[in-house]
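# Working through the structure, step by step
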Amino acid sequence: MVSANKAAVTVIGLGPMGQAMAGAYLEAGYEVTVWNRTAARAATLVARGAHRAETVEEALAANELVILSLTDYDAMYAILEPAAAALRGRVLVNLSSDTPERAREAAAWAAGHGAEHLTGGVQTPPSGIGSPESSTFYSGPKEVFEAHEAALKVLTGADYRGTDPGLAALYYQIQMDMFWTAMLSYLHATAVTAANGITAQEFLPYAQSTMASLPNFLAFYAPRIDAGNHEGDVDKLAMGVASVEHVLHTTEGSGVGTALPAAVLEVFRRGVERGYGGDSFTRLLDVFREG
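Residues numbered from 1 in each chain as written. Predicted model: local features only at pLDDT ≥ 70, side-chain atom pairs only at ≥ 80, totals over all residues. Heavy atoms only, no water.

Time to look at the UniProt feature "domain: NADPH-dependent reductive aminase-like C-terminal" (unreviewed entry) in the protein. As recorded in UniProt, the sites labelled "domain: NADPH-dependent reductive aminase-like C-terminal" (unreviewed entry) are residues 164-289. Between the C-alpha atoms that bound residues 164-289 the distance is 23 Å, and the span itself is 76% helix and 0% strand. (UniProt positions renumbered as here; feature names shortened; annotations may be inferred. Helix = DSSP H or I, 4+ residues; strand = E, 2+ residues; numbered from the N terminus.)

See below:
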């Protein structure tokens with residue numbers, strides 16, 4: 001039976017993120033029902049006052065609001081499809097990571113079983129759950145989001161992106177595109193510094209300074225990109241090629257793998273080959289668009 005207490009939620013999936021989410025709800029005074037394929041993972045939460053459902057059907061029956069914290073949408077289907085008859089009337093807040101198209105498919109699948117689906121993209125590790133300074137993207141029916149906004153804000157701040165179920169997944173994935181690429185560049189640079197006898201701690205302030213400069217570059221280039229202005233008045237792609245070549249040669253001389261700078265150089269060279277050498281490096285957008 002669905003709890004009559006409005007401050008109630010079900011959390012399905014008790015990895016580190018699901019554990020943190022269920023814990024945040026308990027701390028906020030919610031009545032929390034949990035389910036995980038490995039039942040032992042619920043032990044700590046049960047000791048704190050959560051109810052452990054014996055089956056997925058029981059977990060779904062407990063509350064209207066159901067938080068899904070799973071590896072991906074395949075895991076969601078594997079868990080929920082056998083219990084699909086219990087989905088009617090539920091609001092599935094799917095905080096699992098996957099593609100925008102799969103989020104749209106999942107929303108249609110949920111609707112076919114009488115459930116509402118909100119896509120979520122959490123922008124913080126488990127340690128940031130419960131903090132209003134952290135944020136999560138949401139998309140799906142606006143009235144459903146607004147009805148449960150207060151409960152969602154127990155976890156993090158809530159950034160509603162629109163009715164398209166794929167938008168939250170899209171915003172999340174493009175954030176991850178930037179994050180992992182930036183962090184990989186940091187690791188590569190750190191490997192080069194280590195090969196030259198410089199510790200990560202010594203390099204740290206310079207790495208931080210470079211990363212801290214990026215917001216200014218983004219703010220400068222964004223309006224020019226929107227205006228289609230790739231004029232080479234500030235930087236030129238041909239000069240960028242020379243710069244990346246120097247990075248590549250420094251990497252080679254340090255005995256460090258060159259796969260990352262070589263891939264960057266390939267993109268820059270493709271831009272020059274297409275006649276963009278005198279334009280800003282932002283003209284590489286056309287290289288990406290053309291494939």
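On the surface, a nonpolar cluster with roughly 330 Å² of combined accessible area is contributed by Phe 179, Trp 180 and Met 183. Among the structural elements, Met 183 can be located in helix 7 (residues 166-195). Under the relative-accessibility criterion, Met 183 is labelled partly exposed at 34%. (Patch = residues over 30% accessible without salt bridge, like charges linked within 9 Å, V, L, I, M, F, W, Y side chains within 5 Å. Areas by Shrake-Rupley, 256 points an atom, 1.4 Å probe, with all protein chains shown as cover. Salt bridge = Lys/Arg side-chain N within 4 Å of Asp/Glu carboxyl O. Buried < 20%, exposed > 50% of the residue type's maximum accessible area, 1.4 Å probe, protein only.)

Where like charges cluster on the molecular surface, the negative patch consists of Glu 64, Glu 116, Glu 143 and Glu 146. Take Glu 116: it is sitting in strand 6 (residues 116-122). Residue classification places Glu 116 among the partly exposed positions, given a relative accessible area of 34%. (Lys, Arg positive; Asp, Glu negative; His and termini not counted. Charge placed at Lys NZ, Arg CZ, Asp CG, Glu CD.)

On to the pairing of strand 2 (residues 31-35). In regular strands, side chains alternate between the two faces of the sheet. The buried fraction of strand 2 is high, at 4 of 5 residues. Relative to strand 2, strand 1 (residues 8-12) is paired through 5 bridges, and the arrangement is parallel. Looking at strand 2, one finds that Val 11 is bridged to Val 34. Between the parallel elements strand 1 and strand 2, the chain passes through helix 1 (residues 16-27) in a crossover that is right-handed. (Pairing = 2+ DSSP bridges. Right-handed = clockwise from strand over helix to strand, strands pointing away.)

This paragraph deals with the packing of helix 7 against helix 8 (residues 200-226). Think of two packed helices as two axes; the pair is described by the angle between the axes and how far apart they sit. Orientation of helix 7 relative to helix 8, taken along the N-to-C sense of each, is 145°, at an axis distance of 11 Å. In this structure, helix 7 crosses over helix 8, and the sense of that crossing is right-handed. For the pair helix 7 and helix 8, the contacting residues are Met 178, Ala 182, Ser 185, Tyr 186, Ala 189, Thr 190 and Thr 193 in the first and Ala 200, Phe 203, Ala 207, Met 211 and Leu 218 in the second. Within the contact of helix 7 with helix 8, the residues separate by chemical class into 9 nonpolar, 3 polar and no charged. (Axes fitted to C-alpha atoms, helices over the stretch in contact; angles between N-to-C directions. Left-handed = near helix turned anticlockwise from the far one by under 90°. Contact = heavy atoms within 4.5 Å. Nonpolar A, V, L, I, M, F, W, Y, C, P; charged D, E, K, R; others polar.)

Take the UniProt feature "domain: 6-phosphogluconate dehydrogenase NADP-binding" (unreviewed entry) in the protein next. The UniProt record marks residues 9-155 with the feature "domain: 6-phosphogluconate dehydrogenase NADP-binding" (unreviewed entry), using the residue numbering of this structure. For residues 9-155, helix accounts for 38% and strand for 24%, while the C-alpha atoms at its two ends are 12 Å apart.

Below, the discussion takes up the environment of Glu 116. Along the chain, Glu 116 and Val 256 lie 140 residues apart, while their C-alpha atoms are 50 Å from each other. Discounting chain neighbours no more than four positions away, the residues touching Glu 116 are Arg 90, Val 91, Leu 92, Pro 141 and Val 144.

Let us now look at helix 4 (residues 73-80). Those residues of helix 4 that fall on the buried side of the exposure criterion are Tyr 73, Met 76, Tyr 77, Ile 79 and Leu 80. Projection of helix 4 onto a plane perpendicular to its axis shows the buried side chains occupying an angular sector of 170°, all on one side. Measuring from the side-chain oxygen of the N-cap residue of helix 4 to the backbone nitrogen of Asp 74 gives 3.2 Å; that N-cap residue is Asp 72. (Arc of directions from axis to C-beta. Polar contact = N/O pair within 3.5 Å; in protein donor to acceptor, adjacent residues only side chain to side chain.)

In this section: the pattern of salt bridges. Scanning all chains against the criterion turns up 13 salt bridges. With its nearest N and O atoms 3.4 Å apart, the salt bridge here joins Arg 48 to Glu 27. In this pair, Arg 48 is assigned in the loop between helix 2 (43-47) and strand 3 (51-52) and Glu 27 in helix 1, connecting sequence segments 21 residues apart. Classification of Arg 48 as partly exposed rests on a relative accessible area of 42%. The salt bridge partner of Arg 283 is Asp 286, with a shortest N-O separation of 3.2 Å.

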